[in-house]
Each structure stands twice: as C-alpha cells, then as structure tokens.
Amino acid sequence: MSIRPSVQRFIEYLRIKTVQPTPDYSTCTKFLQQQALELGLKFQAKEYVAGKPVVILSWAGTSPELPSIILNSHTDVVPVFEEFWDYPPFEARRVPTDPQGSDYKIYARGSQDMKIVGHGYLEAIRRLKVEEKRQLLRTVHAVFVPDEEIGGHDGMQQFVESPEFAALNAGLALDEGMANPDKPLRVFYGERAPCWVKFIARGNTGHGSQFIEGTAAEKLVPIIDHLMQFRQTQFQIYKTPHEDGSQRTLGEVTTANLTLLNSGVQQNVVPENATAGFDIRMTPAVDYVGFKRDLEALAEKHGAEAEFVQFWDDNSTTATDESNPFWPAFEQAVTAQGFDIFKEIFPAATDSRYLRRAGVPALGVTPLCNAPILLHDHNEYVKESEFLAAIDFYAAVVAAVANVR
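This structure is a prediction, so every number in the text was calculated from the model and none was measured.

**A look at the packing of helix α1 (residues 5-14) against helix α2 (residues 25-39)**
To characterise two packed helices, one gives the angle between the axes of the helices and the distance between these axes.
Alright, step 1. Relative to each other, α1 and α2 sit at 155°, their axes nearing to 10 Å. Considering the angle they form, α1 stands roughly antiparallel to α2. In contact with R9, E12 and Y13 of α1, α2 contributes C28, F31, Q35 and E38.

Pasting the structure below:
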C-alpha cells in the first residue's frame, strides 16, 4: 500500500533528530521553510539565543487587524535509550497493526510529544488553504519553538518578550496537551507551576561517637517532616473523589517529592552541612508567592536556608466559558467531531505558561483519545489513523477559532 503524502511528510519531520541535548534545529528549520514555500506562507526564523531558532509560518487572514491565532508547538524531543526500543527511534518505522495492514504504528521519539501536533497544524493548513482554497478571518501563525523540553528559557520565554511576538497581536493560542487512555478529549486550560527548592542546613561537626548539638541534620529533619506531612495531606485530597463520584486529577492538588538528599563525607564524621531538594508542583488554586514565603519561613524557623532552583510566580488560567470569545467556537468544533471535552489543569509545565503570563489565552490539546500515554517513554508511537484524524481535528478547530468575529 502506498503512503499518503501527508504521512510521508510527517515521517520526514519525525526523522529529524531534534533530540536534546544537541537538537538538529538547522535541518528542522530547513524542513519548515520548505513547508512554508509549498503552502504559500510567510516564513520567519529568529534566534534569540544563537543556534536556537523560533520559526513562524504565517497565513494572513482577511481581517489581519483582528487578534491572531497562534498554533504553538516545540520542535525538540527528549533523549532516548535505544537499547529499550524495538525500532530505531528516529527511523519513524511504520509497523502494521494487523496482517491486513489496516493501520500502522509509527514508532519515533517525538511522535506523541509533540510532532503529531506541530505537523498536524501544517497539514490542516494545507487542507484549508491549498486544497479547499479557503480564506479565514483572522491571521494564523504556526509557531515552532526550541528547548521546551529543558524549560523553554531560550525559546518561548525569550520569544514572548520580543517585538516579533508583540507584532503577532495574538488573541488565542493552541498548544500541546496529552493523550488519554479513556474516551474524553483532555483540554488543558492551565498548568501546575514548578517550585524546585533546596533547603540547606549548616551546623556543628565532630566525631560520630559524640552527642553533638546543633547539627545540620537536626535542622533539616523537621523541614523534611513538615513537607512530607504536607505531601500526605495533598495525597489524601487527591484520593478523595468529588461529590459526584468522579476522580480528582493531579492538576487539582500540589505534589511535593523529596528528590535530593546530600550530606556527609565519612561514616564517623558528623557533617557540617546537609541539603534536601524538593520538586513541588503547585496547583493554580495556590497563592504562589505566598507559598514561597511559607517555605522561606519554614527554613528560617529551623535555622536553614531556602534556595529556589526554579520558581514560577504566575497562576493565570484560560477561561473555558463564554467570557472567552474563542471558547464557544472551539467547543462547538470539538463536540461536532464526536469528542467529549474533559477540562483539566496540566500536571507539569509547558510553554503555555509563558503565553498565559503574556496575556494570551492558551488551550493545550493533543487529539489522542483511547490511546496510551507514551511521551518520554520507550517505544513512543502514534497510529497512522490517529495522525490522519488529527489533521481533521485541527482543520475544523483552526477554521472555527480563526473565523470568530
């Protein structure tokens, strides 16, 4: 069976090794430039940090003065452990799902996270603009950013502070979501914020055979106990269903995990210092700045220091009702395709947080339902039928939100 041109282009995109820590952004940019040429889109590539291009493909609307639509995706992918893959992770091999070849799994790093989304945008534009010769009211910008997988600091964070971003006059952004093993389509209207904190205690040292007072460990242990009790409280909330019996999601609670614990130089020497590191993900219902102050006060109470390795201070979310002029069009386009929408807070961090802080409403959605969650996993794949359905999905959604008056 011959391969559809859209699938072949998707495979070509998947084969570009934009893998951290040395992503091939140059080849990726050339690929996107070729897509812009074929689609008749304006092409821009801007490096705010050398070697890390932000690429923008723009389709002018009939009313370009209206706020535009951003279709955002990141081009980088996470590292692989090839020995655990059944197929080479950058070959994008098509493997039949049955002897008849009724469908195929396309195995590739980045297939779910998130090249199905980025290339789905392009194929949707190809259908609307080239094949159907349609014109949309609002300008549409397909934006491809680097380095999301390592925090987006040299990509989206730089971009939203640039004159090029301001010139887009963005009214709405679509970004990545997550697959759902169940039927509903997950739509993320906010996300938990990272709070990575190290507690550093210093104290008296000496021989391990003595009762030494004021040690680093004595100062650190109550801090650890406090946060582990907080963790247990949040876990109990997470395990308690809503009044209607539905299960809570991770996005509704704040998780805290002890991820680093360092101290000591030798078994019989009481250490002079001790460090505990926590990965905390704060739900948007939390006062982030107040939460940070509480952690600082906890450290001070026990004679330690709090060092924030990463902290996000904005808990903006996107309205999912008629107060957001784009939501009714988005919702109608999605439900018309037979999807049930499940609104969620994303449990981790994406580039949408930079967009929301910049005042741009952002919805995270990856149209993979009844599909395993394989992002960052071995043997990541999407089915060919899922990719083709994603084109249908984005064509309908982009046409709907870009025609909001």
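**Here's the deal with the nonpolar core**
Alright, step 1. Formed by 63 residues in total, the largest nonpolar core has its most connected members in L57, V140 and F330.
Alright, step 2. Other than its neighbours up to four places away in sequence, L57 contacts L32, Q35, A36, L41, K42, F43, L122, V140, H141, A142 and F144.
Alright, step 3. Of all hydrophobic cores here, the second largest spans 40 residues; its members include F165, C195, A276 and F278.

**Some remarks on the sheet that holds strand β5 (residues 104-107)**
Alright, step 1. The antiparallel open sheet is built from 3 strands, whose spatial order is β4-β5-β17. Whereas interior strands pair on both sides, the edge strands pair on one side only; in this sheet they are β4 (93-96) and β17 (381-383). The mean inter-strand angle of the sheet, taken between neighbouring strand axes irrespective of direction, is 30°.
Alright, step 2. Strand direction decides the pairing type here: β4 and β5, joined by 4 bridges, are antiparallel. When the sheet's bridge partners are listed, R93 is paired in β5 with Y107.

**Observations concerning helix α3 (residues 111-131)**
Alright, step 1. When the terminal C-alpha atoms of α3 are compared, their 25 Å separation across 21 residues is substantially less than the 30 Å that a helix rising 1.5 Å per residue should span.
Alright, step 2. Within α3, 17 of the 21 residues are buried, which leaves the element mostly enclosed by the surrounding structure.
Alright, step 3. K133 occupies a position one or two residues after α3 and carries a positive phi of about 55°.

**Some thoughts on the environment of P53**
Alright, step 1. Residue placement: P53 occurs in strand β2 (residues 52-59).
Alright, step 2. Put simply, P53 and C28 are 25 residues apart on the chain and 9.6 Å apart in space, counted from C-alpha to C-alpha.
Alright, step 3. Those residues in contact with P53 that lie beyond four places of it in its chain are Y25, T29, K46, E47, F144 and P146.

**With respect to the sheet that holds strand β13 (residues 273-282)**
Alright, step 1. Pairing is antiparallel in the open sheet, where 4 strands are placed in the order β11-β13-β9-β14. Strands with a single pairing partner mark the edges of an open sheet, and in this sheet they are β11 (255-263) and β14 (304-311). Pairwise comparison of adjacent strand axes, ignoring direction, gives a mean angle of 20° for this sheet.
Alright, step 2. Examined bridge by bridge, strand β9 (residues 193-202) and β14 share 7 bridges and lie antiparallel to one another. Each bridged residue has a counterpart across the sheet, and for V197 the counterpart in β14 is F308.
Alright, step 3. The sheet contacts of helix α6 (residues 216-239) involve β9, β11, β13 and β14, and relative to β13 the element is tilted by about 15°.
Alright, step 4. In the packing of helix α7 (residues 288-301) onto the sheet, the strands contacted are β9, β13 and β14, and the crossing angle to β14 comes to about 150°.

**Focus: the packing of α2 against α3**
Alright, step 1. Packing of α2 against α3 brings their axes to within 10 Å, and their N-to-C directions diverge by 15°. With respect to α3, the axis of α2 lies roughly parallel. The handedness of the crossing between α2 and α3 is left-handed. Of the residues in α3, those in contact with F31, L32, Q35, E38 and L39 of α2 are H119, L122, I125, R126, K129 and V130.
Alright, step 2. Classifying every residue of the contact of α2 with α3 gives 6 nonpolar, 2 polar and 3 charged.

Calculation rules
- Residues numbered from 1 in each chain as written.
- Predicted model: local features only at pLDDT ≥ 70, side-chain atom pairs only at ≥ 80, totals over all residues.
- Heavy atoms only, no water.
- Axes fitted to C-alpha atoms, helices over the stretch in contact; angles between N-to-C directions.
- Helix = DSSP H or I, 4+ residues; strand = E, 2+ residues; numbered from the N terminus.
- Parallel < 35°, antiparallel > 145°, perpendicular 65-115°, else oblique.
- Contact = heavy atoms within 4.5 Å.
- Core = buried A, V, L, I, M, F, W, Y, C linked by side-chain atoms within 4.5 Å.
- Buried < 20%, exposed > 50% of the residue type's maximum accessible area, 1.4 Å probe, protein only.
- Pairing = 2+ DSSP bridges.
- Expected span 1.5 Å × (residues − 1).
- Left-handed = near helix turned anticlockwise from the far one by under 90°.
- Nonpolar A, V, L, I, M, F, W, Y, C, P; charged D, E, K, R; others polar.

By themselves, these are just geometric observations and shouldn't be taken as functional.
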